[in-house]
Amino acid sequence: MKETQRYGTIMSSSSITPKPAEKAPLSRWSPSDAEGNTRQAYLFPLFLLINVAVMTDRAIVAGASNEFAAFVSSARDSPAFAVESPDAGIGLIQAAFILGYSVAVLLSGHYVHKVRWKPLVLSGLCVWWLGVLGSGNAKDYGSFYVLLFSRMATGCAEAAFTVVAPPLIQDRGGAGSGMWLSFYLTGLPVGLALGYVYGSHMATSDVWDWGWAFYFLNAASLPLLVAMAFVRDGTNGGVLSGAGEFEEVAGRTGDAPDNGTTERMTERTAESGDDHHAPNDVDGREPREPLEPLLGGQQQQRPAAANA
């Protein structure tokens, strides 16, 4: 402790240094934890609701297949094969969705451990929201290709979320990660079932049509996008830690054998030792001693051979 004398009075530096203010304890209902990250009780239910919305959008076309077939056959820019066979046109629309999803899932799976997950998910959800809006506009424009590329965009954007959410729950969920992951996966069948019923009801309504099914989904999912924009996660710099853990484990296994290899080597050594100690039933001789190491045995046999 540093002491200074000023005007005949000895003062310590600790007495004049201001103490940092103590932080007030966070409430259990606070959306952020002590580190400023969004709590699991807020983040993972948000993932569940987004998953339900995404799966609902995926099932609208299948739930109103007859109405979409009528649209494909009457759209002003439908290709000839789709006009002759509307089911083929619907198949092409669904194939475009799967194509966009398949390509984007490869890119998302590659970058999920290299960039922060929040911008990846938020940008994907924004593209998904615009794709849903475009799917509704296709009805008003009477355009087959607007619907086709809008469904492809929703597939691309959906991959950014569905690739990140499960490993993020597993990485940030702690002891309750299994419970949260099961809740998240529940949104898949719930959203698909809701999409089938919702799409069919809207398409056959006397007041609305299947275009409004996408518009209402846009309105319902907009608060979810806004909530995602306020999510905070600074753990590991906001990047999933799976790749770093894999490299760390690979580095350790490169220096020493893993537990399974060590156990197998121990078992083989034990079996080999038992064989050496086993009595010889053929000639009745005493059990042999365990074999010495190769170099040691050769060094011990050389003097014996010289004496002989």
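Above this text is the structure in question.
Conventions adopted
Residues numbered from 1 in each chain as written. Predicted model: local features only at pLDDT ≥ 70, side-chain atom pairs only at ≥ 80, totals over all residues. Heavy atoms only, no water. Phe/Tyr/Trp six-rings, centres within 6.5 Å; stacked < 30°, edge-to-face > 60°. Buried < 20%, exposed > 50% of the residue type's maximum accessible area, 1.4 Å probe, protein only. Helix = DSSP H or I, 4+ residues; strand = E, 2+ residues; numbered from the N terminus. Lys NZ or Arg CZ within 6 Å of the ring centre and 35° of its normal. Salt bridge = Lys/Arg side-chain N within 4 Å of Asp/Glu carboxyl O. Contact = heavy atoms within 4.5 Å. Core = buried A, V, L, I, M, F, W, Y, C linked by side-chain atoms within 4.5 Å. Expected span 1.5 Å × (residues − 1). Patch = residues over 30% accessible without salt bridge, like charges linked within 9 Å, V, L, I, M, F, W, Y side chains within 5 Å. Areas by Shrake-Rupley, 256 points an atom, 1.4 Å probe, with all protein chains shown as cover. Polar contact = N/O pair within 3.5 Å; in protein donor to acceptor, adjacent residues only side chain to side chain. Axes fitted to C-alpha atoms, helices over the stretch in contact; angles between N-to-C directions. Parallel < 35°, antiparallel > 145°, perpendicular 65-115°, else oblique. Left-handed = near helix turned anticlockwise from the far one by under 90°. Nonpolar A, V, L, I, M, F, W, Y, C, P; charged D, E, K, R; others polar.

Enquirer: Go over the packing of aromatic side chains with me, naming the residues and quoting the values.
Expert: Summed over all chains, the structure comprises 15 aromatic pairs. Ring geometry for Phe144 and Tyr145: centres 5.4 Å apart, planes at 85°, overall edge-to-face. Accessibility expressed as a relative area gives 36% for Tyr145, which makes it partly exposed. Measuring from ring centre to ring centre gives 6.2 Å for Trp180 and Phe183, while their planes differ by 75°; the resulting arrangement is edge-to-face. Here Trp180 pairs with Phe183, and both are found in helix 8 (residues 177-203), just three residues apart, close to one helical turn. Against the face of Tyr101 rests Arg58, its NZ or CZ located 5.7 Å from the ring centre.

Enquirer: Quick rundown of the pattern of salt bridges? Include the residues and the values.
Expert: Overall, the coordinates contain four salt bridges when judged by the stated rule. As a salt-bridge pair, Asp171 and Arg172 come within 2.2 Å of each other at their nearest N and O atoms. Taking relative accessible area as the criterion, Arg172 reaches 13% and is therefore assigned buried. The closest approach of N and O atoms between Asp233 and Arg172, which form a salt bridge, is 3.0 Å. With Asp233 in the loop between helix 9 (210-229) and helix 10 (242-255) and Arg172 in helix 7 (residues 144-172), the pair connects residues that are 61 residues apart, well separated along the chain. For the pair formed by Asp233 and Arg172, the shared burial category is buried. Taken together, the salt bridges that share partners define one network made up of Asp171, Arg172 and Asp233.

Enquirer: I'd like a description of the side chain of Glu158, backed by residues and values.
Expert: For Glu158, the position within the fold is in helix 7. Contact partners of Glu158, with chain neighbours within four places excluded, come to Val54, Met55, Arg58, Phe97 and Tyr101.

Enquirer: How would you sum up the nonpolar core? Please name residues and give values.
Expert: If you look at the biggest cluster of nonpolar residues, it comprises 51 residues, and the most contacted ones within it are Phe47, Ile50, Phe68, Trp117, Phe161 and Met228. Counting only elements with at least two residues in this core, the list comes to helix 2 (40-63), helix 3 (65-74), helix 5 (86-111), helix 6 (117-141), helix 7, helix 8 and helix 9. Counting residues per element, this core draws most heavily on helix 2, at ten residues. If we ignore the near neighbours within four places in the chain, the residues touching Trp117 are Leu43, Phe47, Val164, Leu168, Arg172, Met228, Val231, Asp233 and Gly238.

Enquirer: Give me helix 5: which residues, what numbers.
Expert: Its 26 residues place the ends of helix 5 38 Å apart at the C-alpha level, agreeing with the 38 Å of an ideal helix rising 1.5 Å per residue. All of the buried residues in helix 5 are Gly89, Ile90, Ile93, Ala96, Phe97, Gly100, Ala104 and Ser108. The elements touched by buried residues of helix 5 are helix 2, helix 3, helix 4 (80-84), helix 6 and helix 7.

Enquirer: An account of a nonpolar patch on the surface is requested, with residue identities and associated values reported.
Expert: Where nonpolar side chains cluster on the molecular surface, the patch consists of Leu99, Val103, Leu107, Tyr111 and Val115 and spans about 440 Å² of accessible area. Tracing the sequence through the fold places Leu107 in helix 5.

Enquirer: Break down helix 9 for me, with residues and values.
Expert: Between its first and last C-alpha atoms helix 9 spans 29 Å; for 20 residues at 1.5 Å apiece the expected length is 28 Å, and the two agree. If you check which residues of helix 9 are buried, you get Trp210, Gly211, Ala213, Phe214, Tyr215, Leu217, Asn218, Ser221, Leu224, Leu225 and Met228. Summarising the contacts, the buried residues of helix 9 are in contact with helix 2, helix 3, helix 6, helix 7 and helix 8. You can read the cap of helix 9 off the contacts: a side-chain oxygen lies 3.0 Å from the backbone nitrogen of Gly211, and it is on Asp209.

Enquirer: Any details on the packing of helix 5 against helix 7? Residues and values, ideally.
Expert: The interhelical angle for the contact between helix 5 and helix 7, taken along N-to-C directions, is 30°, at an axis separation of 7 Å. The angle between the axes of helix 5 and helix 7 places the two elements in the roughly parallel class. Between helix 5 and helix 7 lies a crossing whose hand is right-handed. Residues belonging to the contact of helix 5 with helix 7 are distributed by class as follows: 16 nonpolar, seven polar and two charged.

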